[in-house]
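Below, each chain spelled out in residue letters.
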Amino acid sequence: MAEGLVVEQEGPVLRVTLDRPEKRNALDDAMIAGLIDAVDAAGRDDAARVVVLAGAGDHFCAGADIVARNAPGGERPRVGSIQRRLPSQAHRLVPLVLSVQVPVVCRIQGWAAGIGFHLALAADFTVAADDARFWEPFGQRGFTPDSAGTWLLPRLAGMVRARELLLLGRELSGHEAVDWGLIHAAVPAADLDGAVDEVVGRLAAGPTVALGLTKWLLRSGQSAALDAHLQDEAMALELSSRSEDFREGLAAFREKRAPRFTGR
């Protein structure tokens, strides 16, 4: 696994921790590649029923480590390196978080900036400390957004608020991010682990096949015509109704008890 990244499988929960606290968990290329590998593997691993993204120390992620990449005196890459590199790095990671057919939960404390902010937006559930800070640094650093920021923010917050974040560099607290419809919940820092664990526990005990297909439908429905989307719903229902968890759900309903889903 990449240096600066800790990946741990705890039963049905895959925990991926950004572990570079001295740099506020800023992502370098190796960490991004490791995140891609971990999330991609979770989508193919029947044991993984939920992915948790977290950051070690006082912050979630301060963005990409552009300081190290542009250090004075370092060898400059040839022209065009950014547009060649991004499709296999940051521009692969965010779509993967959006599309992987297991739920992804983000735990946010301290700063979530740039790609750290975008990972929080792409996750299915993001729970933050109420004093967390969400920020788009691009305008104040003199370059344009990447990692799907200009795609995610207008869809979640609307164009007016997207401009405020991306062009004016407004910072949002955890509570403001909830009010703007960007994240799931904000809680006092002392309650953060408990709030994350409650969401993770519910997802890890859920009908994983149905949840993954529902996630796919929610995303694909944003751009599909109604007739095409209804066809997708029919296919998803066909698949989910053949799962063991569907049979368990019916049995639990008949027997008037809580279902015991196994993720199959």
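Quick look at empty space enclosed by the protein
What the rule picks out here adds up to one cavity of 30 Å³ or more. Looking at the largest cavity, its volume works out to about 70 Å³. Ile-32, Ala-64, Leu-86, Ala-90 and Asp-146 are, among the eleven residues lining the largest cavity, the residues nearest its centre. Per-class residue counts for the lining of the largest cavity are five nonpolar, two polar and four charged.

Looking at the environment of Gly-174
Topologically, Gly-174 is positioned in helix 9 (residues 174–179). Distance in space between the C-alpha atoms of Gly-174 and Ala-128 is 5.7 Å, their sequence separation being 46 residues. With residues up to four places along the chain from it excluded, the contact list for Gly-174 reads Ala-129, Asp-130, Ala-132, Phe-134, Ile-183 and Ala-186.

Points about the nonpolar core
Ranked by size, the top nonpolar core spans 52 residues in total, and within it Phe-60, Ile-108, Phe-134 and Leu-182 carry the most contacts. Listing elements by their share of this core, those giving two or more residues are strand 2 (13–18), helix 1 (29–44), strand 3 (50–55), helix 4 (90–99), strand 4 (104–108), helix 5 (115–122), helix 7 (149–157) and helix 8 (159–166). When residues of this core are assigned to their parent elements, the largest contribution, seven residues, is made by helix 1. In contact with Phe-134, other than residues within four places in its own chain, are Ile-108, Ala-112, Phe-117, Ala-120, Ala-128, Arg-170, Glu-171, Leu-172, Ser-173, Gly-174, Ala-177 and Ile-183.

Brief notes about the sheet that holds strand 1 (residues 5–10)
Spatially, six strands are ordered 1-2-3-4-6-9 in an open sheet, and the strand pairing comes out mixed. Edge positions in the open sheet fall to strand 1 and strand 9 (185–187), since each of these has one partner strand only. Strand after strand, the sheet turns through a mean of 20 degrees between neighbouring axes, direction not considered.

What about the sheet that holds strand 5 (residues 111–113)?
With respect to topology, three strands assemble into an open sheet ordered 5-7-8, the strand pairing being mixed. For this open sheet the edge positions go to strand 5 and strand 8 (172–173), each flanked by a neighbour on one side alone. As judged from the two bridges shared by strand 7 (residues 133–135) and strand 8, these two strands associate in the antiparallel manner. Residue pairing across strands places Phe-134 opposite Leu-172, the latter belonging to strand 8. Where helix 5 meets the sheet, its contacts fall on strand 5 and strand 7, and the angle it forms with strand 5 comes to roughly 90 degrees.

Some words on the pattern of salt bridges
For the structure shown, the criterion picks out 13 salt bridges. With a shortest N-O distance of 2.8 Å, Arg-15 and Glu-10 are connected by a salt bridge. Among the salt bridges present, the one from Arg-257 reaches Glu-248, with a minimum N-O distance of 2.6 Å. Judged by its relative accessible area of 16%, Glu-248 falls in the buried class. A network of salt bridges, in which partner residues are shared, links Glu-10, Arg-15 and Asp-197.

A short note on the packing of aromatic side chains
Applying the stated criterion across every chain yields a total of three aromatic pairs. Aromatic pair Trp-111 and Trp-135: ring centres 5.9 Å apart, planes at 65 degrees, arrangement edge-to-face. Here Trp-111, found in strand 5, pairs with Trp-135, found in strand 7; they are 24 residues apart in sequence, far enough to count as distant. What makes Trp-135 buried here is its relative accessible area of 12%. Their ring planes at 75 degrees and their centres at 5.1 Å tell us that Phe-138 and Phe-143 sit as a pair that is edge-to-face. Its relative accessible area of 4% is what places Phe-138 among the buried residues.

About the thresholds
Residues numbered from 1 in each chain as written. Predicted model: local features only at pLDDT ≥ 70, side-chain atom pairs only at ≥ 80, totals over all residues. Heavy atoms only, no water. 1 Å grid on protein atoms, 1.4 Å probe; cavity = no way out; pocket = protein on both sides within 12 Å on 5 of 7 lines; lining within 4 Å. Points joined across faces, edges and corners; volume = space filled by probe spheres on them. Nonpolar A, V, L, I, M, F, W, Y, C, P; charged D, E, K, R; others polar. Helix = DSSP H or I, 4+ residues; strand = E, 2+ residues; numbered from the N terminus. Contact = heavy atoms within 4.5 Å. Core = buried A, V, L, I, M, F, W, Y, C linked by side-chain atoms within 4.5 Å. Buried < 20%, exposed > 50% of the residue type's maximum accessible area, 1.4 Å probe, protein only. Pairing = 2+ DSSP bridges. Axes fitted to C-alpha atoms, helices over the stretch in contact; angles between N-to-C directions. Salt bridge = Lys/Arg side-chain N within 4 Å of Asp/Glu carboxyl O. Phe/Tyr/Trp six-rings, centres within 6.5 Å; stacked < 30°, edge-to-face > 60°.

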